[in-house]
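Below are the chains, spelled out letter by letter.
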Amino acid sequence: MSLAELSPHYIRAIAPYQPGKPISELAREMGLDEAAIVKLASNENPLGVSPKARAAIAAESDELALYPDGNGFALKSALSRKLGVGLEQIVLGNGSNDVLEMVARAFLAPGTSAVYARHAFAVYPLATQAAGAIGIEAPARDFGHDLEAMRARVQRHTRVVWIANPNNPTGTLLGNEALHAALAGFAATSAVVVLDEAYVEYLDAGRRAPSLEWLREFPNLIVCRTFSKAYGLAGLRVGYAVCRPEVADLLNRVRQPFNVNSLALAAATAALDDTEFLDQTKRVNDAGMRQLTEGFARLGLDWITSAGNFVAVRVAPGGDAMPIFQALLRRGVIVRPVGNYGMPEYLRVSIGLPEQNEKCLTVLGDILGGR
Ligand SMILES: *Cc1c(COP(=O)(O)O)cnc(C)c1O
């Protein structure tokens, strides 16, 4: 008997998450200078870390011999003030990925199912599968979530509905009215709804869903957010869920006691106050989105209109984007292939600084022009 057979069949069937290629790895493989490599592959903040977060990390580093606050009181208090929700409604995670895993642990098991959309964030099928539950994929509408199709696929044994808004890797955004109507529909089922708002900070205020207000109306709603994207703290791993206290209580039962480390807690608390950094992040993103999409238009490429800090561009209509991805790598530009999302013609490009976007466009133009 092989050791692999000791593991449940649903664990053995997992196709591992494929992260973006690190700069150091590409430098090693291609013999390139790290400083010359542009990584637009993981939706990271090109401005780096907020100065306030950096200072908080330095101050906290004296305390590293001590366990972190397992309740995350300071960060939860800051979030509670900023978001207008109770402390008992907030669950902190080691990245919001950790929160998604907690939802799966708390609500899914063999014999249950979860519904997600085609082209939706890859962690949803992964977390569902790791819990031994059945994943039900609803078809997409114009690359976005088709909420009616998702509702139609909820069954008696469905316990989780995963919604990304905006979605990664498509960048598609649901209208608030349609989303609210869908939440009302899901409230009549025996499933919790995860509304994953990892990119909410990139939306103009007028386009943001009043998702936290909807918690009063929909007890089965779980809103997830992260410090990895607009807050620039992807390397530290902090995210959170906001939900009803009784749901938070369930998530806390499956949460590791010290799941968020002390540097992450301190940095996130400080970053939350750094509105200047957040505003600058949005300005840079808006300008970079214009720069990239105008460049795509000049190259005659289609893209999916995105509300996030990334954009999926159709570099190989009717074909396979992988050779173009590889050619970009050889020239020191790392983007993300999305064939595993059922989008083989597309590459996902994260919005970078102006010179990074420019390099990406120039190299892409060279590659496409030279064929
Ligand atoms: C990046 C991302 C996350 C999670 O990121 P963490 O770093 O784990 O907080 C969650 N959902 C979506 C849709 C994402 O793109």
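Residue numbers run consecutively from 1 along every chain, following the written order of its sequence. The model is predicted, so local features are restricted to residues of pLDDT at least 70 and side-chain atom pairs to those at 80 or more, both for listing and for counting; the totals for chains, interfaces and linings are taken over all residues. As a convention, hydrogens and water are excluded, and side-chain values are obtained from all of the structure's heavy atoms.

Peer 1: How would you sum up the environment of Ser24? Please name residues and give values.
Peer 2: Think of it this way: any DSSP run of H or I at least four residues long counts as a helix, any run of E at least two long counts as a strand, and we number them from the N terminus. Residue position: Ser24 is located in helix α2 (residues 23–30). Taking the C-alpha atoms as reference points, Ser24 and Ala35, 11 residues apart in sequence, are found 9.8 Å from one another.

Peer 1: Help me get a handle on the packing of aromatic side chains, residues and values and all.
Peer 2: For Phe, Tyr and Trp, where Trp contributes only its six-membered ring, two rings pair if their centres lie within 6.5 Å, and the inter-plane angle classes them as stacked under 30 degrees, edge-to-face over 60, or tilted in between. The tally for this structure, following the rule as stated, stands at 9 aromatic pairs. Each ring, one from Tyr199 and one from Tyr202, has its centre 6.5 Å from the other, and the planes form 40 degrees; the classification is tilted. Per residue, the accessibility class of Tyr199 equals that of Tyr202, and both read buried. Pairing Tyr199 with Phe310 gives two aromatic rings, centres 5.0 Å apart and planes at 65 degrees, and the pair type is edge-to-face. One end of the pair, Tyr199, is in the loop between β8 (192–196) and α9 (211–217); the other, Phe310, is in strand β12 (residues 310–314), with 111 residues separating them in the sequence. Accessibility expressed as a relative area gives 0% for Phe310, which makes it buried. A network of ring pairs unites the aromatic residues Phe121, Tyr124 and Trp162 as a single cluster. Its end group placed over the ring of Phe310, Arg348 keeps NZ or CZ at 5.8 Å from the ring centre. Exposure categories follow from relative accessible area, calculated using a 1.4 Å probe and restricted to protein chains: below 20% of the type maximum is buried, above 50% is exposed, and the middle band is partly exposed. Think of it as a cone above the ring: NZ of Lys or CZ of Arg counts as a charge over the ring if it is within 6 Å of the ring centre and within 35 degrees of the ring normal.

Peer 1: Could you give me a rundown of the environment of Arg207, with the residues and numbers involved?
Peer 2: Within the secondary structure, Arg207 is located in the loop between β8 and α9. Distance in space between the C-alpha atoms of Arg207 and Leu221 is 19 Å, their sequence separation being 14 residues.

Peer 1: I'd love a proper account of the nonpolar core, names of residues and values included.
Peer 2: In this structure, Trp162, Ile163, Ile222 and Phe227 are the most contacted members of the largest nonpolar core, which totals 90 residues. Two domains each donate at least three residues to this core, and these are domain 1 (3–48 + 276–368) and domain 2 (51–272). Residues Leu26, Phe296, Leu361 and Ile367 belong to the second largest nonpolar core, which totals 32 residues. Throughout this description, the term nonpolar core refers to a set of buried Ala, Val, Leu, Ile, Met, Phe, Trp, Tyr and Cys residues connected via side-chain atoms within 4.5 Å. The domain boundaries here were taken from an automatic or database domain assignment.

Peer 1: Requested: an account of the state of the cysteines, with residues and values cited.
Peer 2: The definition used for a disulfide is geometric: two cysteine sulfur atoms within 2.5 Å. If you walk through the whole model with that rule in mind, you get 0 disulfides. A disulfide-free cysteine, Cys224 has its sulfur positioned 8.3 Å from the sulfur of Cys243, the nearest such atom. Its relative accessible area of 0% is what places Cys224 among the buried residues.

Peer 1: Break down the site of the ligand for me, with residues and values.
Peer 2: To be near a molecule or strand, a residue needs just one of its heavy atoms within 4 Å of it. Around the ligand lies a shell formed by Gly95, Ser96, Asn97, Phe121, Asn168, Asp196, Ala198, Tyr199, Thr226, Ser228, Lys229 and Arg237. Contact between the ligand and Ser96: an oxygen atom at 2.7 Å from a main-chain N or O atom of the residue. Computed on the free molecule, the ligand has an accessible area of 390 Å², of which 93% lies beneath the protein chains in the complex. All amino acids are sorted into three groups, where Ala, Val, Leu, Ile, Met, Phe, Trp, Tyr, Cys and Pro are nonpolar, Asp, Glu, Lys and Arg are charged, and the leftover types, Gly among them, are polar. Class assignment of the residues belonging to the shell around the ligand gives a composition of 3 nonpolar, 6 polar and 3 charged. Any pair of nitrogen or oxygen atoms within 3.5 Å is treated as a polar contact; in protein, a donor-acceptor pairing is required on top of that, and neighbouring residues in sequence qualify only through side-chain atoms on both sides. The Shrake-Rupley method, run with a 1.4 Å probe, gives the accessible areas here. Residue values count only the displayed protein chains as cover.

Peer 1: With reference to specific residues and values, describe the sheet that holds strand β14 (residues 336–337).
Peer 2: Here we have 4 strands laid out as an open sheet, ordered β11-β12-β15-β14, and antiparallel in their pairing. On the outer flanks of this sheet lie β11 (302–303) and β14, each paired with one strand and no other. At least two DSSP bridges between two strands are needed for those strands to be called paired. Pairing analysis gives 2 bridges linking β14 to strand β15 (residues 346–350), with the strands arranged antiparallel. Counterpart to Arg336 in the pairing with β15 is Arg348.

Geometric values such as these leave the question of function open.
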